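Commentary on secondary and tertiary structure
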Amino acid sequence: MKKGCLFDLDGTLVDSLTDLALSVNEVLKHHHLPTYAISEYNQLVGNGVKKLIERALPADKQYLLEECLEEFQKIYEEHCLDYTKPYKGMKELLDVLKDDGIQLAVVTNKPHHLAIKIVENLFPNVFTTILGQQDLYPIKPHPESTFIALMSMKLRKEECFFIGDSNVDIQTGYQADMDTIGVSWGFRGREELEAEGATYVVDYPHEIKEIIDENRSQFLFGGN
């Protein structure tokens, strides 16, 4: 029976694309480089901020990577909550899940201190643990941060769903041997999630609660 949910952050819990895009564009403009439309950042995010900057830089400007990464981190830290907000229905879902005894965690490739800042501002006192990118463990899809979250929750992998909006999240769940829920409202969409083999794909937050309730019923009445 499922007793916990591990959520990705960007594109799953919160729409952060505008703040990410504007911060990267500010760096690119500083170096007189081409910028991107906000919508184009859907395909640039998902593998950590270093990879984001690498993808944003032209091939012949990769030597600027470390400098631009440092500039981005300073800008984004100041502006990470300018436009970032929870997706519609997400706060309500989390409240219902928590009231129902489901443990909640965040596992994200966003830098750890920024993940804590955003989550604690937008979802105070909701999550058992928040794990962002740190030198202590590899970024997703490597499952180590997921296993650390499970230990913090005192739950087994088969007792939890991994929930996210991209192929990285579904791969993370697969590598951790967990059932996954892909959310189509995020940065990548239903097609990518289905192609990656998500156990479920949902279009609205309340469907996550329905899947958990169905799983619970199957368990109580003799299912898996």
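Turning to the pairing of strand E5 (residues 129-133), a few remarks are in order. Looking along a regular strand, one sees side chains alternate from face to face of the sheet. Of all five residues that make up E5, four are buried, and the element is covered over most of its length. In this sheet, E5 lies alongside strand E4 (residues 103-111) in parallel orientation, the contact comprising four bridges. Looking across to E5, one finds that Val-107 is bridged to Leu-131. Handedness of the crossover joining E4 and E5 through helix H5 (residues 112-122) is recorded here as right-handed.

We now examine the packing of helix H1 (residues 17-30) against helix H3 (residues 65-79). Two elements in contact, H1 and H3, have axes separated by 9 Å at closest approach and are oriented at 135°. Regarding the angle of H1 to H3, the classification is oblique. The way H1 lies across H3 gives a crossing that is right-handed. Every residue of H3 that contacts H1 at Asp-19, Leu-20, Ser-23, Val-24, Glu-26, Val-27 and His-30 is listed here: Cys-68, Glu-71, Phe-72, Ile-75, Tyr-76 and His-79.

With respect to topology, six strands assemble into an open sheet ordered E5-E4-E1-E6-E7-E8, the strand pairing being parallel. At either end of the open sheet lies a strand with only one pairing partner, and these are E5 and strand E8 (200-202). On average, adjacent strands in this sheet sit at an angle of 20° to one another, irrespective of strand direction. Taken strand by strand, H5 contacts E4 and E5, and its axis lies near 135° from that of E4.

The next point concerns H5. Those residues of H5 that sit buried are His-112, Leu-114, Ala-115, Ile-118, Val-119 and Leu-122. Mapping the buried residues of H5 onto a view down its axis gives an arc of 160°, with all of them on the same face. Across from the buried face of H5, at angles greater than 90 degrees, the exposed residues are Glu-120 and Asn-121. Residues of H5 that are buried make contact with strand E2 (14-15), H3, strand E3 (85-86), helix H4 (90-99), E4 and E5.

This paragraph deals with helix H7 (residues 167-175). Within the sequence span of H7, burial applies to Asn-167, Val-168, Asp-169, Ile-170, Thr-172 and Gly-173. Tucked into the core, H7 has its buried residues touching E4, helix H6 (144-153), strand E6 (160-164), strand E7 (179-183) and helix H8 (190-196). Downstream of H7 by a residue or two, Asp-177 has a phi angle that is positive, lying close to 60°.

Let us look at the pattern of salt bridges. Enumeration over the complete set of coordinates arrives at 17 salt bridges. In this structure, the salt-bridge partner of Lys-74 is Glu-70, at a minimum N-O distance of 3.7 Å. Of this pair, Lys-74 and Glu-70 both sit in helix H3, four residues apart, which is roughly one turn of the helix. Its relative accessible area of 46% is what places Glu-70 among the partly exposed residues. Put simply, Lys-3, Arg-156, Glu-158 and Glu-159 are held in one network by salt bridges that share partners.

About the cut-offs
- Residues numbered from 1 in each chain as written.
- Predicted model: local features only at pLDDT ≥ 70, side-chain atom pairs only at ≥ 80, totals over all residues.
- Heavy atoms only, no water.
- Buried < 20%, exposed > 50% of the residue type's maximum accessible area, 1.4 Å probe, protein only.
- Helix = DSSP H or I, 4+ residues; strand = E, 2+ residues; numbered from the N terminus.
- Pairing = 2+ DSSP bridges.
- Right-handed = clockwise from strand over helix to strand, strands pointing away.
- Axes fitted to C-alpha atoms, helices over the stretch in contact; angles between N-to-C directions.
- Parallel < 35°, antiparallel > 145°, perpendicular 65-115°, else oblique.
- Left-handed = near helix turned anticlockwise from the far one by under 90°.
- Contact = heavy atoms within 4.5 Å.
- Arc of directions from axis to C-beta.
- Salt bridge = Lys/Arg side-chain N within 4 Å of Asp/Glu carboxyl O.

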